[in-house]
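Report on the structure
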Amino acid sequence: MTSPVRTSSPTATTTPAPVRAAAGRGSLTGVGLVLAGTLSVQFGSACAALLFPRAGALGTVALRIALAAVLLLVITRPRLRGYSRADRCVAVGFGLALGGMNILFYQAIDRLPLGAAVTLEVLGPLLLSVVAGRRAAGLLWAGLALAGVYLLGGGDFQGLDPAGVAFALGAGAMWAAYILLNARAGARFPRLDGLAIAMTVAALVALPLGIGASGATLLEPAVLALGVVIAVMSSGVPYALELLALRRLPAATFAVLTSLAPAVAALAGYLVLGQGLSAVQCAAIAMVVAASAGAVRTGRR
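Presented here is an overview of the structure given in this document. (Residues numbered from 1 in each chain as written. Predicted model: local features only at pLDDT ≥ 70, side-chain atom pairs only at ≥ 80, totals over all residues. Heavy atoms only, no water.)

Attention now goes to the overall build of the protein. Secondary structure summary: the protein contains twelve helices and zero strands in total. The N-to-C order of helical and strand elements in the protein reads α-α-α-α-α-α-α-α-α-α-α-α. By the burial criterion, 49% of the 301 residues in the protein qualify as buried. Of the contacts made within the protein by residues no fewer than 6 positions apart, 88% connect residues no fewer than 24 positions apart. Within the structure as shown, the protein displays about 13700 Å² of accessible surface, and the carbon and sulfur contribution to it stands at 69%. (Helix = DSSP H or I, 4+ residues; strand = E, 2+ residues; numbered from the N terminus. Buried < 20%, exposed > 50% of the residue type's maximum accessible area, 1.4 Å probe, protein only. Contact = heavy atoms within 4.5 Å. Areas by Shrake-Rupley, 256 points an atom, 1.4 Å probe, with all protein chains shown as cover.)

Shown next, in the form of structure tokens:
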């Protein structure tokens, strides 16, 4: 990293500063993209919960993913030819992770408050950041996050639906896979082509489940209209922003920044769904967010 400074050329000694400045601006832009995507997806999830009484969790997630896939295909018009077998495997794996993450998460928020579900789900990205960062201090921040989750469940999770907890943890595992495959798709496919292809794969997985659960309800005008809003807020906008962010940030840093989601989800649950949280639960979410901030600082050092 210091070799350019050692050169004898006066011009060469001045070049590293602009390069570092550009990299700094790119990182700052990446952080902004992640935060904007987090706001969009969490408030979109809160809106999705409003549709559960009419379309059910499976019907809502199928509608969201299918509409998002259509929108992305129309906007991006991805090129489908000229890719290697490895490229296609990445796109399919990305789509399976994307579909699995959303299906499991919607099952979780059907049983848990939004803030609690996201707090449990975010353990997947946080664990990814600890493993990818390979720093001993990361274990301390992960321990703080786990303590927060333990506190969230009141010590034994009797206050939370067991199936909801399992679905949220499963969604977290798929979220970690989504982060890694999203980064690989962004490197292999131009523009948002990889995301559009992956969203189509996810729709093919989710649609049979949604149609089987909700049937013709998914075609009702009011349901379709809200489905479009949810698709844009929860899929199209955040996933596009995240893919662009992953071209500017390491996967580990991205994973930690997404750990701010529990606080945003708690706010969205309160404002949109009227889901209040106790002081203990707020403290638990704050512990997870604090662990995220600490892990970010550790990673930067």
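Looking at where Asn 182 falls in the secondary structure, it is placed in helix H7 (residues 162–188). Asn 182 sits in the buried class, given a relative accessible area of 1%. The contacts of Asn 182, once residues within four sequence positions are left out, are Phe 94, Glu 242, Leu 243 and Leu 246.

Here we take up the packing of H7 against helix H9 (residues 221–246). Across the interface, H7 lies against H9 with an axial gap of 9 Å and an inter-helix angle of 70°. Regarding the angle of H7 to H9, the classification is roughly perpendicular. For the pair H7 and H9, the contacting residues are Tyr 178, Ile 179, Asn 182, Ala 183 and Gly 186 in the first and Tyr 239, Glu 242, Leu 243 and Leu 246 in the second. A breakdown of the residues in the contact of H7 with H9 according to their chemical character gives six nonpolar, two polar and one charged. (Axes fitted to C-alpha atoms, helices over the stretch in contact; angles between N-to-C directions. Parallel < 35°, antiparallel > 145°, perpendicular 65-115°, else oblique. Nonpolar A, V, L, I, M, F, W, Y, C, P; charged D, E, K, R; others polar.)

Judged by nonpolar contacts, the single largest core of 80 residues is most densely connected at Phe 105, Tyr 106, Leu 114, Tyr 178, Leu 195 and Met 199. It is helix H2 (residues 16–76) that contributes the most residues to this core, 19 residues altogether. Leu 195 has contacts with Leu 72, Phe 94, Tyr 239, Ala 240 and Leu 243, leaving out every residue within four places of it along the chain. (Core = buried A, V, L, I, M, F, W, Y, C linked by side-chain atoms within 4.5 Å.)

We note that Arg 77 has phi near 45°; this positive angle belongs to a residue other than glycine. Positionally, Arg 77 belongs in the loop between H2 and helix H3 (85–109). We classify Arg 77 as exposed; its relative accessible area is 68%.

Okay, the packing of aromatic side chains next. Throughout the structure, instances matching the rule amount to four aromatic pairs. With a centroid separation of 4.6 Å and an interplanar angle of 50°, the aromatic rings of Tyr 83 and Phe 189 are classed as tilted. With Tyr 83 in the loop between H2 and H3 and Phe 189 in the loop between H7 and helix H8 (193–214), this pair connects stretches of sequence that are 106 residues apart. Per residue, the accessibility class of Tyr 83 equals that of Phe 189, and both read buried. Taken together, Phe 52, Phe 105 and Tyr 106 form an aromatic cluster joined through their ring pairs. Lying over the aromatic face of Tyr 83, Arg 79 brings its terminal NZ or CZ to 4.6 Å of the ring centre. (Phe/Tyr/Trp six-rings, centres within 6.5 Å; stacked < 30°, edge-to-face > 60°. Lys NZ or Arg CZ within 6 Å of the ring centre and 35° of its normal.)

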